[in-house]
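# Observations on chain architecture
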Amino acid sequence: MLLSQFLVLAAALFAFGVYGLLVRRNIVLILLSVELMLNAVNINLIAFESVLATPEAIGHVFAIFVITVAAAEVGIGLAIVLMIFRNRKSANVDDLNLMRW
Amino acid sequence: MTFIDWVSAPVNWVFAILGAVVLFSGFRVVTSRNIIHAALYLVGALAGTAALFLMLSAEFVAWVLVLVYIGAVIVLFLFGIMITRAPTGLDEGLSSDQRVLPALLASGVFVMMSWASIDAFGTQLVGSVGEPVPTEIIGDSLFGRFVIPFEVVSFVLLAALIGGITLARRDLSPAEEEERSAV
Amino acid sequence: MVEMSQLLFAAEEIHAGDGGWWADTAGIMLVLPFVAFLLILAFGKKLKYKGGEIAVAALAINLVWATVLLLMNANGGVLDQTTFEIGHIGSGLVFELGWVVDGLSILMFFLVNFVGLVVFVYALGYMKDDVRVDWFFAAFSLFAGAMLVLVGAPNLIQLIIGWEGVGLASYLLIGFYWEDLDNVRAGNKAFLTNKVADVGLILGAILVGVSIGSWDFGAIDFAAFEGAPELAAVATVGGLLLFFGAMGKSAQFPFHIWLPDAMAGPTPVSALMHAATMVTAGIYLMARMFPLFEYMAQNVRIVMIVIGTVTLFGVGLLAIVADDIKKVLAYSTVSQLGYMMTAIAAGGYTAGMFHLFTHASFKALLFLGAGSVIHAVHSNNMSDMGGLRKFMPTTFWTWVVGALALSGIGLSGFWSKDEILATMGEQGLTVVLWISIAGAFVTAFYMGRATFLTFFGSYKGDGQPHESPRIMTVPLVILAVPAAVAGVLNIPGLSLPRLGNFTEWLAVRLVPMGDHHAEAINLGLAAAGLAAAVLGVVIGWLIYYPDKDTQLQRDSFEIPVLFPLLRKKYYIDDLALGIVALIKGPLARLVDWTSTYVIDGLVNGVAGLVKGFGVFVYDTLDQRGVDGVFNGLSAAADGAGSVVRKWQSGRVQQYAASFVAGALILVVLFVFVI
């Protein structure tokens, strides 16, 4: 197995995530796309770890950290989405343009 | 290594299938017109990723992924979708109309990253699927060298917990505040 | 530049002392009246006589010095000069101030202070309850100070300073009752007439001073006496110019026109300034410059004699037709000044000055008496008077003394006038002599007229006029004394024991005056003069003594053609006014035109230019240029801003897109380019 194949795979996933981030109108779907991107990063980390085989399994540890933080972030993110929905009765990101010029 | 060599190793076939699943799921996440489907497709992508992790000897991480990510985060997402009363059927307005520029940007990102990767790591081989990395090593590392990041991350989780509760709390009317504080 | 030591060396030939401490401190006489001026202005209002006391005190103190110096001069002569150098004019001429003490100046000091003191005391009573009394005494003191500065001047410059000072005081005092515009006009007339003449004075002074390099009188006297060629070159012109200046102050024809009008001032002013002192300044100047005229500028003397003679006779005639008693005395003064000027011009230095001396006392006396009369009847005009000798005996008798003196019948006037006639006879000026004798007749005639109309007959007015208070009659009596007896001071050939005589006193000058003194009385001339005077009185008595129903009827004597001409004052006043109007009209119009078109045009033109420039700077440079630049800059910033601003759409996904794009670019940059 080539290292590059994993990296390319991760890159493609990341690209999908970027696309989703920029295109999706629902805030929840945007968060979903972010998760996709984080996932791609994880793949990268694990792939490199399996090549490097560090004594402390650094790649694995970081992947765990990433997952943990992603979870925390989702929690907060959804709480915010909830508040937005309560105030605006809409989860459409196009409506959230008060900080315009 | 040539393509023939690559194809002839069975482990690469497994990789190809898993990769296809992951990619397809990822693609559907961002293009699905049904919001629930998008969330579920993410489950698929994550599951595929977990399998890939297993291939890469990252057993612990794979199961953590399944437990935490799929088990909790996706559920959380579904909760969020429900609470925000998203239309559960087909919804045309989920994606923006302007797709060209994001597509270009995404392609650019993909091209740049893959080029960099291939250019840098060309024919580097990953070790064959072998013994999974012992959880013991991860544990030692987590409470050894990375104990401070570990603690910090636990703080992050705590903050997220408290923050989430505070943010999502329903605003109480003054009468209810009185009632609650009297108790 | 002639050194003082040289001058004093010359003086030793004249056997004079230096006056000691009194001469050295004589300057106090020049300063005290000015101090009085300031004190009166500061405190005058609070005093009983409104500052008159201060004025009287100042002159009284001055009189001490004057008397002492007079006695010292009589008893051996005093010749001294004290000067303080003030500065330099040009490269050689020195500007000094100080005082000179010699026979001439001592005499004038005494005269000014004595007559001045008497008149001041009189004025305490006369001006009581009048308006602005404190200012009156202040200005009067100012005059006294200026007059003393004039007569004590050691050089021409200080003399001119004093000259202008008395001119100023005269202006202020003539126009004292300025509520009546006529009085102001009279003041202006006096000042302007004097000013025209002063041109001559200043030019003459410059000429003389520059020629020998000094304005000091001693230096001029010396130069004249020694026959210095530099002085001789300018002597005639300089002397003529100086005489021109003297003509104005001493009211010689045709500059006499201001003196009758000057009677608008209060009577004490007329008595002191326009009879005894200020008008004599011109005569004094001629006496001071006598060496110049005696030894060098003999040609000028002919002009002086002619004008002096015309003055003494022609103006004397004007007194015959005057109704205002003060005007009679004013014309009389001019006439007597003519006598003095003619005397000096004829070489009678002592004669002229002696007449000045006696004239001062009796003319002041007559004026004060007139003031007393005016005070009683509240009118200046003789047509409102008559029979006053019953009511005002002191005034009457002192008036008679003065009138007799003036007419030249016994008393001091006789002696001084006789001396003048003698001088004329001596110099062989026969025509002048006969005119002078005729003038004596005229003098007696008009004085007789004035006396008879005023004091004889009966009083035609309402009520009863009363004698003036003691404070006014005592000065009259005091002045009557010198008016009566001063003649003994200069009887020809007679020299009083221990005192000498007037001639000797006056001769104490730096250089010998070279004038001629009679050793004995010329009986022929004396008789002629006396006869003429007596004739004048007799004819006057015949015409004016009889009483009639009104004063105007008494005054109805008329000589056809002559009297109307006299009433019109020979049309001289009209001529002067006409000349002024002629100059004034076209000249004023020319000046106005120049001012409006030339000067204003220039100024307006410049203003227009500046304004145009200002408009240009504002509109073009500032509004369009500078503002345009800044407006353009701000518009550009604004435009750029409004374009760039759109980026801030508030849409997070757009930000994210920008973020990704930026990151891509950076990565490409760092990885592939750098």
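Note that the structure is predicted; figures quoted are calculated from it, not measured.

Secondary structure summary: chain B contains eight helices and zero strands in total. Beginning at the N terminus, the succession of helices and strands in chain B can be written as α-α-α-α-α-α-α-α. Put simply, chain B has 183 residues, and 28% of those count as buried.

What follows concerns the overall build of chain A. Scanning chain A from terminus to terminus reveals three helices and zero strands. When the helices and strands of chain A are listed from N to C terminus, the series reads α-α-α. A total of 101 residues make up chain A; the buried ones form 59% of that total. The contacts of chain A with a sequence gap of at least 6 include a subset with a gap of at least 24, amounting to 49%.

A separate point is the confidence of the model for chain A. Scored by pLDDT, chain A has a mean of 90; 99% of the residues are at 70 or more. Of all the helices and strands in chain A, helix α3 (residues 58-88) of chain A carries the lowest mean pLDDT, 91, while helix α1 (residues 3-23) of chain A carries the highest, 94.

On the side of chain C, seven residues touch chain B, which itself brings seven residues to the contact. Classifying every residue of the side of chain B that touches chain C gives six nonpolar, one polar and no charged.

Residue and element names in this part refer to chain C. Following both chains from N to C, one finds helix α5 (residues 103-126) and helix α12 (residues 267-276) inclined at 165°, their axes separated by 9 Å at the closest point. Taken as axis vectors, α5 and α12 run roughly antiparallel relative to one another. The element α5 and its partner α12 pack so that their crossing is right-handed. Taken together, the residues of α12 that come into contact with α5 (itself represented by V115, G116, V119, Y122, A123 and Y126) are T267, P268, A271, L272 and A276.

Residue and element names in this part refer to chain B. At a closest axis distance of 8 Å, the pairing of helix α2 (residues 10-31) and helix α3 (residues 35-55) adopts a crossing angle of 155°. Classified by the angle between their axes, α2 and α3 sit roughly antiparallel to one another. In the crossing of α2 with α3, the sense of the turn from one axis to the other is left-handed. From α2, V14, F15, L18, V21, V22, S25, G26, R28 and V29 reach across to α3, where they touch A38, Y41, L42, G44, A45, G48, T49, A51, L52 and M55. When grouped by side-chain class, the residues that make up the contact of α2 with α3 number 13 nonpolar, five polar and one charged.

What follows concerns the interface of chain A and chain B. Taken together, the 59 residues of chain A in the interface contact 77 residues of chain B. Those elements that place two or more of their residues in the side of chain A that touches chain B are α1, α2 (27-52) and α3 of chain A. Per element, the largest residue contribution to the side of chain A that touches chain B is 21 residues, and it comes from α3 of chain A. Within the side of chain A that touches chain B, the residues separate by chemical class into 44 nonpolar, eleven polar and four charged.

A few words on unusual backbone geometry. All names here are of chain C. The linkage connecting F253 with the following residue, P254, adopts the cis geometry, with an omega of -5°. Positionally, P254 belongs in the loop between α10 (229-249) and α11 (258-261). For D129, which is not a glycine, the phi torsion comes out positive at approximately 65°. In this structure, D129 sits in the loop between α5 and α6 (133-151).

Moving on, we get to the environment of L63 of chain C. Residues and elements named next belong to chain C. Tracing the backbone through its elements, the reader meets L63 in helix α4 (residues 52-74). In the structure, L63 is positioned 49 residues away from V112 in sequence and 8.9 Å away in space, judged by C-alpha atoms. Apart from the residues within four sequence positions on either side, L63 is in contact with N113, F114 and L117.

Residues and elements named next belong to chain C. Taking 1.5 Å as the rise per residue, helix α20 (residues 430-455) with 26 residues should run 38 Å; its terminal C-alpha atoms sit 37 Å apart, in good agreement. Among the 26 residues in α20, 21 count as buried, and that is most of the element. Immediately downstream of α20, the backbone of G457 shows phi near 80°, a positive value.

Residue and element names in this part refer to chain B. Averaged over all residues, the pLDDT of chain B equals 86, while 90% of them reach at least 70. By mean pLDDT, the top-scoring element of chain B is α3 (93), and the lowest-scoring one is helix α8 (residues 174-182) (69). Among the scores for the predicted complex, ipTM is 0.90 and pTM is 0.62.

F143 and A364 of chain C are the most contacted members of the largest nonpolar core, which has 227 residues in total. Considering each element in turn, this core owes the most residues, 19 residues, to α5 of chain C. Listed in part, the 80 residues of the second largest apolar core include V18 of chain A, F53 and L94 of chain B together with A657 of chain C.

With that settled, consider the environment of Q653 of chain C. Relative to the helices and strands, Q653 of chain C is located in helix α27 (residues 652-673). Residue classification places Q653 of chain C among the partly exposed residues on the basis of 19 C-beta atoms within 10 Å. Once residues within four sequence positions are removed from consideration, Q653 of chain C is found in contact with L22 and V93 of chain A.

Thresholds, definitions, all that
- Residues numbered from 1 in each chain as written.
- Chains lettered and ligands numbered in written order.
- Predicted model: local features only at pLDDT ≥ 70, side-chain atom pairs only at ≥ 80, totals over all residues.
- Helix = DSSP H or I, 4+ residues; strand = E, 2+ residues; numbered from the N terminus.
- Buried ≥ 20, exposed ≤ 12 C-beta atoms within 10 Å, placed from the backbone.
- Contact = placed C-beta atoms within 7 Å.
- pLDDT = per-residue confidence, 0-100.
- Nonpolar A, V, L, I, M, F, W, Y, C, P; charged D, E, K, R; others polar.
- Axes fitted to C-alpha atoms, helices over the stretch in contact; angles between N-to-C directions.
- Parallel < 35°, antiparallel > 145°, perpendicular 65-115°, else oblique.
- Left-handed = near helix turned anticlockwise from the far one by under 90°.
- Expected span 1.5 Å × (residues − 1).
- Core = buried A, V, L, I, M, F, W, Y, C linked by C-beta atoms within 7 Å.

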